[in-house]
Amino acid sequence: MQPLERGLLVKRSHHCSELSLSHIGQTVTLAGWVASRRDHGGVIFIDVRDRYGLTQIVFDSEENAPLHATADRLRNEYVIAITGTVSVRPEGSENPHLPTGSIEIRAKTLELLNEATPLPFAIEDDVHASESLRLQHRYLDLRRPKMQQLLQLRSQVSHLTRNYLHAREFVEVETPILTKSTPEGARDYLVPSRVNPGEFFALPQSPQLFKQILMIGGMDRYFQIARCFRDEDLRLDRQPEFTQIDLEMSFVDREDIMQLIEDLIRLIFKETKQIDLPNPIPRLSFEESMGRYGTDKPDLRFDLPLQDLCQFAKTCDFQVFRRAVESGGMVKGLIIPKGAAFTRNRIDNLIDTAKEFGAKGLAWVKISDEGQLDSSIAKFLKTEALRSALPSANPGDLLIFVADQAAIVHQVLGRLRLLLGEELQLIDRTRWEPLWVIDFPMFEYDEESQRHVALHHPFTAPHPDDRAFLDSQPLQAKTLAYDFVLNGFELGGGSIRIHSPSMQEKVFDLLKISKVEAREKFGFLLDALESGAPPHGGIALGLDRLIMLLGQTESIRDTIPFPKTQKAQCLMTHAPSTVSPEQLQELSIRTTAKKPTATP
RNA sequence: GGGUGCGUGGUGUAGCCCGGUUAACACGUCUCCCUGUCACGGAGAAGAUCGAGGGUUCGAAUCCCUUCGCACCCGCCA
């Protein structure tokens, strides 16, 4: 079937959301996709859709029989241009759900710009198609208004960010995509170098070192909307390539950076969604956050805090509790409101879940509506002692306890807290609860490699009060790092950096990065630090996650026009793919995979 | 690397536990009818090797094994 009419492209005079009663009588031209066709015999209604909206077109057989006949052949997703007269809809036939619902276009000419085969799925906001089908036909998925809005939201946020930072003297600088593999951190994506056989570039996990070098280079204020690459397994909120709003400043302290970012994020929420975030944004120390919520990215949309029972445990008769505390661990619990109604089976499931999360067990106590205790460990508990240890527990509640080393207690209860918050619908989806988490420890001890590893990254400056700890008790040392958390998602993090070469060497030393390795991997940074490095610091915000939260969509993939599946593949292009033996040869590469090369 | 769930016309699902005529429903598609619809309506039609392979059985969408794909999670993500 040939297009009905082909000629010079008629230019549109308006888009599909802007015509209203004030345009009545005007001759206009619209262009777009056929969103729906309602054929009443003598009259055909076409909704034409573009990025902006929908407009109804009317083809009337009495007005123009040949044109009506051609409109009969239109199908969904055909691309058309229509010229016609803007008319008032007959009384009673207005559509209040449509911005253009009080008018329609009475068609005079129709140009068929392209046809379309029947679609694998319908273009509508309320998708019924599976995500793999959507990703295979992403060009169709992107036509959905919801996807268009998300991409526009993303553009709007980038634009606001650029304007905001430019207005504050930031310079947008591009850093290399082909760069050097570094130890620590995530697995690198590698790119072979043809002219240097056997050698590889790495794609940047972040522009971290380059932005520090830019400060040393005197740029003073840098930013970039930067693509980052990490070859780790994917999650709902994790893609192998993602985008950060990345910035760095010289001659600032952490207050300067946190203030700058708070204002930016408040601006973004206000301008795009008319949401007022708190001012100032609350802060929690890492220690408080772990102690109260069992995580360094707490979801503050619901409370359900961890309860400390160490004092109670010390004096109770239950050996498991007492020993945990006596051996340097702790006992903490959750008060589950109305949890006394849980069945034994549901409690058993909770226990299994706790074990999956790493607990050795989970003790529980039901407080009946009459205030009686029913418990797995009833014979060890004195009612009075327990009630005075947990004054906020009420009749009808369920108490659960984990006794172990602090890290395990916090991990298990932190996750149970989230799980229960979800299950018991304690999370208020209309709330926005940002916070800063500060005063992170500098290091944690990694049992596997038997050494300290940086909690943030090895360029993070220690807190000035804690420098003395670096030699004596490095695990006690805190940093000048800060994480921005919103509704339980880590949206960004940064720090004041080390600008003294001796401090940087000391930290490499503590991380057991040898002088030789430090020189080989970071020699340029060490040299640069010795050349007159200004005090500096910065932050990076995850743009994709920000859009996901702001756009209230359930997956990071909805915020990325062409995302990867959980196996890090693109279902539309079928990347990654095998390559020809010639390509590999040129790169001096031989693979050990079963399907190493493309079949010709 | 591991765990869980899903896979049935173009799409979304039911059927699967407990094997048994022609695999059901909705949407979409096609044909015809219809001058005020916007989830248009009416009449009819086409369309499925039940993800793939193997096994058990007289008989498998259904039970078993293997495998592939997608999702969620653990590990991993300085």
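Just so it is clear, the structure is predicted and the values come from calculations on it, not from any experiment. Sequence order as written defines the numbering, with residues in each chain counted from 1. Labels are handed out in written order, letters beginning with A for the chains and numbers beginning with 1 for the ligands. Where totals are concerned, whole chains, interfaces and linings use all residues; where local detail is concerned, this predicted model gives features only for residues with pLDDT of at least 70, and gives and counts side-chain atom pairs only at 80 or more. Side-chain numbers come from the whole structure's heavy atoms, not from hydrogens or water.

Caption draft 1: Structural view of the sheet that holds strand β12 (residues 307–308). A pair of strands is treated as paired once DSSP finds two or more bridges between them. Numbering of helices and strands starts at the N terminus; helices are DSSP runs of H or I of at least 4 residues and strands are runs of E of at least 2. Reading across from one edge, β12-β13-β16-β14-β15 is the order of the five strands in this open sheet, with antiparallel pairing throughout. Of all strands in the sheet, those with a lone pairing partner are β12 and β15 (373–375), marking the two edges. In the sheet, β12 pairs with strand β13 (residues 330–336) via two bridges, with the strands oriented antiparallel. Its bridge partner being in β13, Q307 is matched across the sheet by G333. Here, residues are in contact when the closest pair of their heavy atoms is within 4.5 Å. Only the contacting stretch of a helix is used when fitting its axis, a line to C-alpha atoms as for every element, and angles between N-to-C directions run 0 to 180 degrees. Along the sheet, helix α12 (residues 406–423) contacts β13 and β16 (398–404); its crossing angle with β13, the most-contacted strand, is approximately 10°.

Caption draft 2: The protein's contact with RNA strand B, seen in detail. Here a residue is considered near a molecule or strand provided that any single heavy atom belonging to it is located within 4 Å of it. Of all residues adjacent to RNA strand B, which total 49 residues, the nearest are D39, E62, S93, H128 and H456. When the atoms of RNA strand B within 4 Å of the protein are grouped by moiety, sugar and phosphate amount to 49% of the total. Separating a sugar or linking oxygen of RNA strand B from a backbone N or O atom of L455 is a distance of 3.3 Å. Among the secondary structure elements, those contributing two or more residues to the surface near RNA strand B are β1 (27–39), β2 (43–50), β3 (53–60), β5 (103–114) and α2 (131–136). Ranked by residue count, the leading element in the surface near RNA strand B is α2, at three residues. Of the residues contributing to the surface near RNA strand B, the split by class is 12 nonpolar, 19 polar and 18 charged. N or O atoms closer than or at 3.5 Å make up a polar contact, with two conditions inside protein: a donor-capable atom paired with an acceptor-capable one, and, for residues adjacent in sequence, both atoms drawn from side chains. Ten residues, namely Ala, Val, Leu, Ile, Met, Phe, Trp, Tyr, Cys and Pro, are considered nonpolar, four, namely Asp, Glu, Lys and Arg, are considered charged, and the remaining ones, Gly among them, are considered polar.

Caption draft 3: Spotlight on the confidence of the model for chain A. Across the chain, each position has a pLDDT score giving the predictor's confidence in that residue, from 0 to 100. Taken residue by residue, chain A gives an average pLDDT of 93. The fraction at 70 or more is 98%. Reported for the predicted complex are a pTM of 0.94 and an ipTM of 0.92.

Caption draft 4: Representation of the pattern of salt bridges. The term salt bridge refers to a pairing of a side-chain nitrogen on Lys or Arg with a carboxyl oxygen on Asp or Glu at a separation within 4 Å. Summed over all chains, the structure comprises 40 salt bridges. A salt bridge links D39 to R37, with the nearest nitrogen and oxygen atoms 3.4 Å apart. Residue burial is assigned from relative accessible area. The probe radius is 1.4 Å, only protein chains are included, and a residue is buried under 20% of its type maximum, exposed over 50%, and partly exposed in between. You can call R37 partly exposed: its relative accessible area is 28%. Two residues, R545 and D237, come together in a salt bridge whose shortest N-O distance is 3.7 Å. With R545 in helix α16 (residues 543–550) and D237 in the loop between β9 (221–229) and β10 (241–250), this residue pair connects regions lying 308 residues apart in the sequence. Of the two residues, R545 and D237, neither departs from the other in class, the shared state being buried.

Caption draft 5: Spatial organisation of the side chain of Q212. Examined against the element boundaries, Q212 turns out to sit in helix α5 (residues 208–216). Assessed through its relative accessible area of 0%, Q212 is described here as buried. Not counting residues up to four positions away in its chain, the partners in contact with Q212 are E248, F459, R497, I498, L525 and H536.

Caption draft 6: Seen up close, helix α10 (residues 344–356). Take the number of residues in a helix, subtract one, and multiply by 1.5 Å to get its expected span. Its 13 residues give α10 an end-to-end C-alpha distance of 18 Å, which sits within 8% of 18 Å, the value for a rise of 1.5 Å per residue. Buried residues along α10 sit in contact with β13, β14 (363–367), β16 and α12. Two residues or fewer after α10 comes G358, characterised by a positive phi angle close to 120°.

Caption draft 7: Main features of the environment of V157. Here V157 is to be found in helix α4 (residues 145–167). Residues V157 and P535 lie 378 residues apart in sequence; the distance between their C-alpha atoms is 29 Å. Discounting residues that sit within four places of it in the chain, V157 has contacts with I268, T272, L543, L546, I547 and L550.

Caption draft 8: Molecular detail of the packing of aromatic side chains. Pairing of aromatic side chains here covers Phe, Tyr and the six-membered ring of Trp, requires ring centres within 6.5 Å, and sorts the geometry by plane angle: under 30 degrees stacked, over 60 edge-to-face, intermediate tilted. Scanning all chains against the criterion turns up 10 aromatic pairs. Where F269 meets W432, the ring centres are 5.3 Å apart and the plane angle is 70°; that geometry is what we call edge-to-face. Linking F269 in helix α6 (residues 254–273) with W432 in the loop between α12 and β17 (434–438), this pair joins segments that are 163 residues apart in sequence. Using a relative accessible area of 0% as the deciding quantity, one classes F269 as buried. Following the ring pairs from residue to residue traces out a cluster consisting of F318, F321, F380 and F401. Counting as a charge over the ring demands two things of the Lys NZ or Arg CZ atom: a distance within 6 Å of the ring centre and an angle within 35 degrees of the ring normal. It is R168 that lies over the ring of Y164; its NZ or CZ is 3.7 Å from the centre.

Caption draft 9: Up close: the pairing of β3. Most of β3 sits out of view: six of its eight residues are buried. When β2 meets β3, the two strands line up antiparallel, connected through eight bridges. Note that in β3 the partner of D47 across the bridge is Q56. Linking two consecutive strands that pair antiparallel, namely β2 and β3, is a turn of two residues. Taken together, the two bridges between β3 and β5 define a ladder with parallel strand orientation.

Caption draft 10: Structural view of unusual backbone geometry. The peptide bond linking N279 to P280 adopts the cis configuration, its omega dihedral lying at 0°. Examined against the element boundaries, P280 turns out to sit in the loop between α6 and β11 (283–285). The residue after A575, namely P576, is reached through a cis peptide bond having omega -5°. On the secondary structure map, P576 appears in the loop between α16 and α17 (581–586). For Q450, which is not glycine, the phi dihedral falls at a positive 55°. Take Q450: it is sitting in the loop between β18 (443–446) and β19 (451–454). Positive phi values are uncommon outside glycine, yet N487 reaches one of about 50°.

Caption draft 11: A look at the pairing of β16. The element β16 is extensively covered by neighbouring structure, given that seven of its seven residues are classed as buried. Neither face of β16 is open: one carries L398, I400, V402 and D404, the other L399, F401 and A403, and all of them are buried. Here seven bridges tie β13 to β16, and the two strands are oriented antiparallel to one another. Residue pairing in the sheet places I336 in a bridge with L398 of β16.

Caption draft 12: Just the sheet that holds β5, in detail. Pairing within the closed barrel is mixed, and its five strands lie in the order β1-β2-β3-β5-β4. Going from strand to strand, the sheet's axes swing by 55° on average, the running direction of each strand aside.

Caption draft 13: Structural view of the layout of surface pockets. The way it works is a 1 Å grid over only the protein atoms, where trapped points that fit a 1.4 Å probe form a cavity and open points with protein on both sides within 12 Å along at least five of seven lines form a pocket, and then any residue with an atom within 4 Å of a point lines it. Grid points are joined across faces, edges and corners, and a volume is the space filled by probe spheres set on the points. Quantified by volume, the second largest pocket comes out at close to 640 Å³. Lining the second largest pocket are 17 residues, and of these Y189, L190, P192, P576 and S577 sit closest to its centre. Sort the elements by how many residues they give to the lining of the second largest pocket and strand β7 (residues 190–192) lands first, with three residues. Classifying every residue of the lining of the second largest pocket gives 11 nonpolar, four polar and two charged.

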